[in-house]
Amino acid sequence: MSRKIAFIRLLTTCNAHCQMCSVWKRKKEELSLKKLFSMLKTLKKNGFNRVIFTGGEPTLYSKFKELNKFLEKEKIDFGLISNASKINEKSWKKLFPYKNPTGLILSLDSVDGKYHESMRGIEKLSKKVFSAVNVATKEGVFISINTVITKKNYKFLFDFLEYPFFRAVGEWHWIPVKFNDEFALNEKEWVELKEIYSKIKQKISESNFKVKLITTFDFEENTKSFSLLEKQDFTSNYYSCNNCSIAKKMVFIEMNGNVFRCNSFDDSLQKDVLFGNLNETDLNSIISSTENKLILKSPKCMNCDPRNQMFNKRGVWIECWSD
């Protein structure tokens, strides 16, 4: 069955102060259960068979237990994008008393605790991620690790493969920092990262790892287009060519009611990917009126990172969210 996935920002509250994120700087607010339940029923009716909750930190949602009960009642699969600070053996059944998530997407920038904690602002956070992976694995939950690649950690990515917890990880996502002179890779560092990537891919294939390494960039295109990237103040990849069909498979709902048909896009394209606001139009109408439309024709998005996308060697979109 084709996946249709909804991303919902539950709240802006967060216990981390991640240097690459601004959500925790927003006014603290969260969705009401009434509004959330209505969204979930409408999404289910329209064929969205999985929901991924983000924040802020979704485990801090004040009605998380009630939400978990509703998800079980409605038979809705869900996942969380989390910093893992609140997920451990003792808290698991309190967080998920009725239904386990099908997947957890956990942030871990380095197995070096000092670096990860300096980027995220929570003490002993890397060990908490290890613990969360271990308990989730026992519960049969699929684990993805998001690693934000910077000029300060890219040389130490091999270290992940030396830690026992990593053998339980199903996907490892490399996400480059953008817009930040202190952390963004330069051209020489991109070339070095390409070599590291190749060596890690080889070691994974030769070792007893089940992890799938997924990048949100293409090395060949990235190095060729670096002069363009510098002009645009980007250090991610330049995906240039064909039409984007993700609108048929994804929806992203923000705290202010804005409904986007993508969870990642260039800020300059916001008007093009914004298909309505829940304070003005009901969600069912928004989905019905846009479900057969493309997001953009030849979008040229430089900030694209929906997971499991497939590109050819020129960075051209082949398929997205395919099973």
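Each value, and the rule that gives it
Residues numbered from 1 in each chain as written. Predicted model: local features only at pLDDT ≥ 70, side-chain atom pairs only at ≥ 80, totals over all residues. Heavy atoms only, no water. Salt bridge = Lys/Arg side-chain N within 4 Å of Asp/Glu carboxyl O. Helix = DSSP H or I, 4+ residues; strand = E, 2+ residues; numbered from the N terminus. Buried < 20%, exposed > 50% of the residue type's maximum accessible area, 1.4 Å probe, protein only. pLDDT = per-residue confidence, 0-100. Contact = heavy atoms within 4.5 Å. Pairing = 2+ DSSP bridges. Right-handed = clockwise from strand over helix to strand, strands pointing away.

Considerations on the pattern of salt bridges
Per the counting criterion, the structure on display carries 12 salt bridges. The salt bridge involving Arg 9 is made with Glu 254; its shortest N-O contact spans 2.9 Å. Placement of Arg 9 in strand E1 (residues 5–9) and of Glu 254 in the loop between strand E8 (250–253) and strand E9 (258–260) is noted, with a sequence separation of 245 residues between them. The partner of Lys 138 in a salt bridge is Glu 89, and the shortest N-O contact between them spans 2.9 Å. Linking Lys 138 in helix H5 (residues 125–138) with Glu 89 in the loop between strand E3 (77–82) and helix H3 (92–95), this pair joins segments that are 49 residues apart in sequence. Owing to a relative accessible area of 64%, Lys 138 belongs among the exposed residues under this scheme. Overlapping salt bridges bring together Arg 9, Arg 26 and Glu 254 as one network.

Comments concerning the confidence of the model for the protein
In the predicted model, the protein carries a mean pLDDT of 81, and 76% of its residues have values of at least 70. Predicted confidence in the protein is weakest over strand E12 (residues 317–319), with a mean pLDDT of 42, and strongest over helix H2 (residues 64–73), with 97. Low pLDDT, under 50, characterises residues 220–241; the predicted model gives this stretch 62 contacts beyond four residues in sequence or across chains. Per-residue pLDDT stays below 50 along residues 307–323; that stretch engages in 52 contacts with residues further than four places along the chain or on separate chains.

Points about the side chain of Arg 120
Summarising the element assignment, Arg 120 is placed in helix H4 (residues 113–120). A relative accessible area of 7% places Arg 120 in the buried class. Among residues more than four places away in sequence, those in contact with Arg 120 are Ala 16, His 17, Cys 18, Met 20, Ser 107, Asp 109, Leu 125 and Val 148.

Some words on unusual backbone geometry
Across the junction of Gly 55 and Gly 56, the peptide omega takes the value 20 degrees, indicating a cis bond. With respect to the helices and strands, Gly 56 occurs in the loop between strand E2 (50–54) and H2. Phi at Ala 84 takes a positive value of approximately 75 degrees, unusual for a residue other than glycine. The phi torsion at Lys 124 lies on the positive side, around 55 degrees, for a residue other than glycine. Positionally, Lys 124 belongs in the loop between H4 and H5. Relative accessible area serves as the criterion here: at 59%, Lys 124 is assigned to the exposed category.

Re the pairing of E2
In terms of burial, E2 is largely enclosed, as 4 of its 5 residues are buried. In terms of strand pairing, E1 meets E2 through 5 bridges, oriented parallel. Paired with Ile 5 across the two strands is Arg 50, which belongs to E2. Viewed along the sheet, the connection from E1 through helix H1 (residues 33–45) into E2 turns out right-handed. Pairing of E2 with E3 involves 4 bridges; the strand directions are parallel. The partner of Arg 50 across the bridge, within E3, is Asp 77.

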